[in-house]
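This is what each chain is made of:
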Amino acid sequence: RSFAFRMLPQRLLVLRAGQGDHTDGGRRKMGRRAKAFLLAALVILSAIAAVSCLHGEIRLPSLSGAPSASSAATASSFSSMKRHPHTARVRCKATSSSSDNIGRRRVAEDGFSWVKKMVLLGTTTSQLLSNPKGAWSKSRSEVSLLSADPINDPKEILRRALPVSPSELDNVQAKLFQMSKIFGGSSTVIGRDSNTMRGTTGIETTTDPKISDIGELKTLARAAKGSFERNLPEIKAMAEGLDSGRKEKMAQSINKLDKELSNLVSLPDNPDPRSVFGMQQSALDLVGDIKEGSIMSFPYSIPTELSANEKLKGRATAEIKVRTKDEGGKPKTVTVQVVVDGYNAPITAGRFVSLAKNKFYDNMEIQRSDGFIVQTGQREGVSLETIPLEIAVEDQKTPIYGFTLEQISRFDERTKLPFNALGTLAMSRNVDDANSADTQFFWLLKNNDMTPSGTNLLDGRFAVFGYTTENADALYNFKVGDVIESVKIVKGMENFESPAKE
């Protein structure tokens, strides 16, 4: 329902443009109909908003998930988010609470969001009626956003989110990633086309990737190789200032990348698609290794108010083993790999790594699995200090703490860690308190209707702290009652910092 609301202004604009009838009379007729329809829609929506606020509440979909253990009073906010979602009650007026982490002002952002959307719709309507041409041209950015082709490969999202300055390696990365389209989609991940999402059953898959145009693939390979060779001195210079061990490791990665690019350039006319796909993924992984290896230190200072929190100053890799059942009901253990990003969510990622380190999630059941998310993390009798909402946005060095992007009127900005990929990892929180996350987390199950990449209502509202990079398909089979056998940090533990002692 929320996505339909977001789409409404665009649909009205298309109607006002008179598409489907190119005669002058037809356009005038469509214009009169559009005005009448727009006025009726505005009156109805305004009436709904007025009645809702008079009653002191707005009913809207709950995105909170289960209540945190430290907030038992808000237990009623736990409602499942399905294609026909339940609703949660949120007060129209803002409230404040001294118990909020680092003294943040609490706002019922969901009610505020819907009122704001009604105001925006009214503004769009008045623009259409007074200046149709101006309103149409102004909305083209909205239309382009909705029709954009966002990145939904989790590894590519992580590569682009690295805190590194633009370099000559970017062009090599871009050419390599463009090859993904040739394997069957704009963001193919292990033979999976993320643009073939259907309904609530997940994503259609193919057994093996297919190469649609070997000529174009070779052209991209030559372009990547040429850019690499022309800029090799600058790429090697990225290791300046590193210690000898890290310099040697980067030199090895550069040499391996050179070989992978040569292999792609010299492909036969009828290569094995799986082998070629492996070369491309290996080359992209090496680009990411080189970029991350060039980071000399953590790139910014975390606010002193958060010094009492655990921190992850870098990235870590975790293996999560889940005991589930196969189609025949036979028990089996499935392992998924996640990369936790402390560069863009150091406090949130630090909390997760700390809990995993202390085996908090071991032998815990999956507590929610509804086709929208898979959630766990609530343990009876355990109450931890909550952590603030943490959102990293593009073109800003440090994350935003304590507020959703809507609460600070930055809802149109893009997040560095978006809800674009299957298996996006994020912290659960209460719907009416941005700073109520503690131990519960969820995986996003991609669904094109509920969570369209680049335009969903989760970005900027929930703290993403990582992505599932291996075996994300298994998430669709996790059910309530399946048991997490273990969460083990297998890489990056050296980036973890325990809370500062007072």
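Residues numbered from 1 in each chain as written. Predicted model: local features only at pLDDT ≥ 70, side-chain atom pairs only at ≥ 80, totals over all residues. Heavy atoms only, no water.

K.L.:
What is the right way to read the sheet that holds strand 16 (residues 483–491) from this model?
P.N.:
Adjacent strands of a sheet pair through backbone hydrogen bonds, lying either parallel or antiparallel. As summarised here, the arrangement of the nine strands in space is 8-16-6-7-15-13-14-10-9, forming an open sheet in which the pairing is antiparallel. The strands lining the two open edges of the sheet, one partner per strand, are strand 8 (364–365) and strand 9 (368–369). Across 11 bridges, the pairing between strand 6 (residues 315–325) and strand 7 (residues 331–341) is antiparallel. The residue of strand 7 that forms the bridge with Ile 320 is Val 336. (Pairing = 2+ DSSP bridges. Helix = DSSP H or I, 4+ residues; strand = E, 2+ residues; numbered from the N terminus.)

K.L.:
Just to check I follow, could you spell out the pairing of strand 7 for this structure?
P.N.:
Successive residues of a regular strand alternate their side chains across the two faces of the sheet. The antiparallel pairing of strand 6 with strand 7 creates a hairpin that spans five residues between the two strands, and Gly 329 there sits at a positive phi of about 85°. The sheet contact formed by strand 7 and strand 15 (residues 464–470) spans four bridges and is antiparallel. Note that in strand 15 the partner of Val 340 across the bridge is Gly 466.

K.L.:
Would you take a moment to explain the side chain of Asn 344 for this structure?
P.N.:
Inspection of the secondary structure puts Asn 344 in the loop between strand 7 and helix 12 (346–357). Polar contacts involving the side chain of Asn 344 include one to the main-chain carbonyl oxygen of Ala 161, which spans 3.1 Å. Beyond its immediate stretch of four places on either side in the chain, Asn 344 contacts Ala 161, Tyr 300, Arg 315, Glu 390, Ala 392, Pro 399, Lys 416 and Leu 417. (Polar contact = N/O pair within 3.5 Å; in protein donor to acceptor, adjacent residues only side chain to side chain. Contact = heavy atoms within 4.5 Å.)

K.L.:
What's the story with the nonpolar core in this structure? I'm lost.
P.N.:
Looking at soluble globular proteins, one finds that nonpolar side chains tend to be buried together. Residues Leu 176, Met 179, Leu 257, Leu 264 and Phe 419 are the most contacted members of the largest nonpolar core, which totals 47 residues. Of all the secondary-structure elements, those providing two or more residues to this core are helix 6 (154–160), helix 7 (169–178), helix 8 (214–230), helix 10 (244–265), helix 11 (273–293), strand 14 (441–444) and strand 15. Beyond its immediate chain neighbours, meaning those up to four positions away, Leu 264 contacts Leu 176, Met 179, Ala 221, Val 276, Met 279 and Gln 280. Core analysis: the next-biggest nonpolar cluster, separate from the first, contains 46 residues, Ala 318, Val 338, Tyr 401 and Ala 472 among them. (Core = buried A, V, L, I, M, F, W, Y, C linked by side-chain atoms within 4.5 Å. Buried < 20%, exposed > 50% of the residue type's maximum accessible area, 1.4 Å probe, protein only.)

K.L.:
Whenever I open this one, helix 11 confuses me. Can you help?
P.N.:
Because each turn of an α-helix spans 3.6 residues, side chains separated by three or four positions end up pointing in the same direction. Taking 1.5 Å of rise per residue, 21 residues should cover 30 Å, and helix 11 covers 30 Å from first to last C-alpha, within 8% of that figure. For helix 11, the set of buried residues is Val 276, Phe 277, Met 279, Gln 280, Gln 281, Ala 283, Leu 284, Leu 286, Val 287, Gly 288, Ile 290 and Lys 291. Structurally, helix 11 contributes buried residues whose contacts are with helix 6, helix 7, helix 8 and helix 10. (Expected span 1.5 Å × (residues − 1).)

K.L.:
For this particular structure, what's the right way to read the pattern of salt bridges?
P.N.:
Per the counting criterion, the structure on display carries 16 salt bridges. Here Lys 218 and Asp 269 are joined by a salt bridge, their closest N and O atoms 2.9 Å apart. Here Lys 218, found in helix 8, pairs with Asp 269, found in the loop between helix 10 and helix 11; they are 51 residues apart in sequence, far enough to count as distant. Its relative accessible area of 15% is what places Lys 218 among the buried residues. The class for Asp 269 is exposed, based on a relative accessible area of 64%. The partner of Asp 341 in a salt bridge is Arg 315, with the nearest N and O atoms 3.1 Å apart. (Salt bridge = Lys/Arg side-chain N within 4 Å of Asp/Glu carboxyl O.)

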